[in-house]
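Coordinate inspection notes
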There are 2 protein chains.
Amino acid sequence: MSSSSAAPAAKPPIRDALVAAAFRLFLERGYEQTTVDDIVALAGVGRRSFFRYFPSKEDVVFPDHEGCLADMTAFLAASGAEHEPVRRVCDAARLVLRMYAENTTFSVQRYRLTRQVPGLRAYELSVVWRYERALAEYLRGRFAGRPDGTLRADVIAAAVVAAHNNALRSWLRSEGEGDAGAAVDHALGYVQRTYARPADAPAARARTGAAGADPREADDVLVLVARRDAPLWRVVQELETALGRG
Amino acid sequence: MSSSSAAPAAKPPIRDALVAAAFRLFLERGYEQTTVDDIVALAGVGRRSFFRYFPSKEDVVFPDHEGCLADMTAFLAASGAEHEPVRRVCDAARLVLRMYAENTTFSVQRYRLTRQVPGLRAYELSVVWRYERALAEYLRGRFAGRPDGTLRADVIAAAVVAAHNNALRSWLRSEGEGDAGAAVDHALGYVQRTYARPADAPAARARTGAAGADPREADDVLVLVARRDAPLWRVVQELETALGRG
């Protein structure tokens, strides 16, 4: 994924050559046993070229996350009031999946590598944290002034990231078999049904009154909550009123 | 918090002395400017004593997390089928809060330190990840064989951790003002209402059928979901069946 979806810059060939050389050596010798000097020697460039593109050896393992984070931030910044916020962060998370799915072989190799090297696992956690914060910051803005706005924003952002990663990691563990997009859609659908506004995902909570129509029903669905010991005629009366047929 | 709630071992005085010396120096000189040699000199012990208790300088900043993780794992392992799983992981998360609340001054100082030192921030992320995995593994066991069991386990574990940390961090940012326990209870309550079984937190989701009683209703509440365009007689029929009066 390019660093900007608006004006995709061509990736510098040196950068690509460094990534290719690094992964070839990581797979052949192991990550710890490969030095930056080994990488630049194989890529045929100088040390300074490496550090122009990557602050450290760890960064060459995750060459596209900075660009993807920038894309995600831009995508969320371009959101309007017409976007249902939970659906919007789900769509933002799909940008990460797309980055992984664009190069299955590389993604599967990297997944194996991060499982083996604790330092890379820590690096990956910090990247995931930055994605989660980007989603949470957007939701905090959308939920500003609402009761428990920051709580809901943080919880939903965490749920989106966990659902996305559950599907992504299953796909990576299966060596890239099957449709990653469909798996992520399914996982994000679970979060959307739980948290999105009813227009996107009909949902309701039980009320404790004698009987009543939930005000959060979707356009085409009515949710009625009734005490089991309420008289049937009373429940039917409520039902008729709620359906506008009373 | 001791490393075992069953038989609380007395904390070794040397370990406590090392933590106290380390924090005094971190606050006076800064974390990066303090060496392990400085810490052992102030505590009046040898270098080998330090490394007997702490693998690295980072570990002395979080002296109680290993014990708390062990407590959490033991708590979850001691769970039975009678424990509602979402409530159980919320209770497990409260063990972490208790550890922080036991020493407010220390927790607030450490919070400030982790905000300033990127290495400590990364360390903390890996600790949070281990708590989240402990909760998720327990839930995966409880949800085994259910549709989307691992997905639900991962999402709920992430939601619990995010809610807990939202409340914990607000409390730490306020320098330990107010009732941390009440704040965490409130935050976890949001997650429990969303995900726990109805006996714990009555909740239902809309179904897309013509009409139907939600099988997850609480004992004394019936939740009926009906399409607005469904014939009234059909909805009433469903209602009668669900109430056992048909």
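Residues numbered from 1 in each chain as written. Chains lettered and ligands numbered in written order. Predicted model: local features only at pLDDT ≥ 70, side-chain atom pairs only at ≥ 80, totals over all residues. Heavy atoms only, no water.

- Under the annotation held in an unreviewed UniProt entry, chain A carries the name AcrR family transcriptional regulator and is attributed to Streptomyces echinatus.

**What about the overall build of chain A?**
- The secondary structure content of chain A amounts to 11 helices and 2 strands.
- Its helices and strands taken in sequence order, chain A reads α-α-α-α-α-α-α-α-α-α-β-β-α from the N to the C terminus.
- With 246 residues in all, chain A has 50% of them scored as buried.
- For chain A, contacts bridging at least 24 residues in sequence account for 59% of all contacts bridging at least 6. (Helix = DSSP H or I, 4+ residues; strand = E, 2+ residues; numbered from the N terminus. Buried < 20%, exposed > 50% of the residue type's maximum accessible area, 1.4 Å probe, protein only. Contact = heavy atoms within 4.5 Å.)

**A closer look at the packing of aromatic side chains**
- The final tally for this structure, using the stated rule, is 13 aromatic pairs over all chains.
- Measuring from centroid to centroid gives 5.2 Å for A:Phe50 and A:Phe51, while their planes differ by 75 degrees, and the two rings are edge-to-face.
- We classify A:Phe50 as buried; its relative accessible area is 0%.
- Seen in terms of ring centroids, B:Phe62 and B:Tyr123 are 4.8 Å apart; in terms of plane orientation they differ by 10 degrees. Their pairing is stacked. Of this pair, B:Phe62 sits in the loop between helix H4 (57-61) and helix H5 (65-77) while B:Tyr123 sits in helix H8 (residues 118-142); the two residues are 61 residues apart in sequence, bridging distant segments of the chain.
- What makes B:Tyr123 buried here is its relative accessible area of 16%. (Phe/Tyr/Trp six-rings, centres within 6.5 Å; stacked < 30°, edge-to-face > 60°.)

**Remarks on the side chain of B:Arg169**
- Mapped onto the fold, B:Arg169 is located in helix H9 (residues 149-173).
- Within the buried set, B:Arg169 has no salt-bridge partner at all; the shortest N-O distance to an opposite charge, 4.3 Å, is to B:Glu124. (Lys, Arg positive; Asp, Glu negative; His and termini not counted. Salt bridge = Lys/Arg side-chain N within 4 Å of Asp/Glu carboxyl O.)

**Quick look at helix H10 (residues 180-195) of chain A**
- Helix length check: H10(A) (16 residues) gives 23 Å between terminal C-alpha atoms against 22 Å at 1.5 Å per residue, within 8%.
- Those residues of H10(A) that are buried lie in contact with helix H6 (85-101) and helix H9 (149-173) of chain A together with H9 and helix H10 (180-195) of chain B.
- Sitting at the head of H10(A), A:Asp179 places a side-chain oxygen 3.0 Å from the backbone nitrogen of A:Gly181. (Expected span 1.5 Å × (residues − 1). Polar contact = N/O pair within 3.5 Å; in protein donor to acceptor, adjacent residues only side chain to side chain.)

**Details of the pattern of salt bridges**
- Enumeration over the complete set of coordinates arrives at 24 salt bridges over all chains.
- A salt bridge links A:Arg47 to A:Asp37, with the nearest nitrogen and oxygen atoms 2.9 Å apart. Separated by 10 residues along the polypeptide, A:Arg47 in helix H3 (residues 47-53) and A:Asp37 in helix H2 (residues 36-43) bring together distant segments of the chain.
- Here B:Arg24 ties to B:Glu28 by a salt bridge, and the two come within 3.2 Å at their closest N and O atoms. Placement of the pair is B:Arg24 and B:Glu28 together in helix H1 (residues 13-29), with a separation of 4 residues, close to one helical turn.
- Residue classification places B:Glu28 among the exposed residues on the basis of a relative accessible area of 52%.

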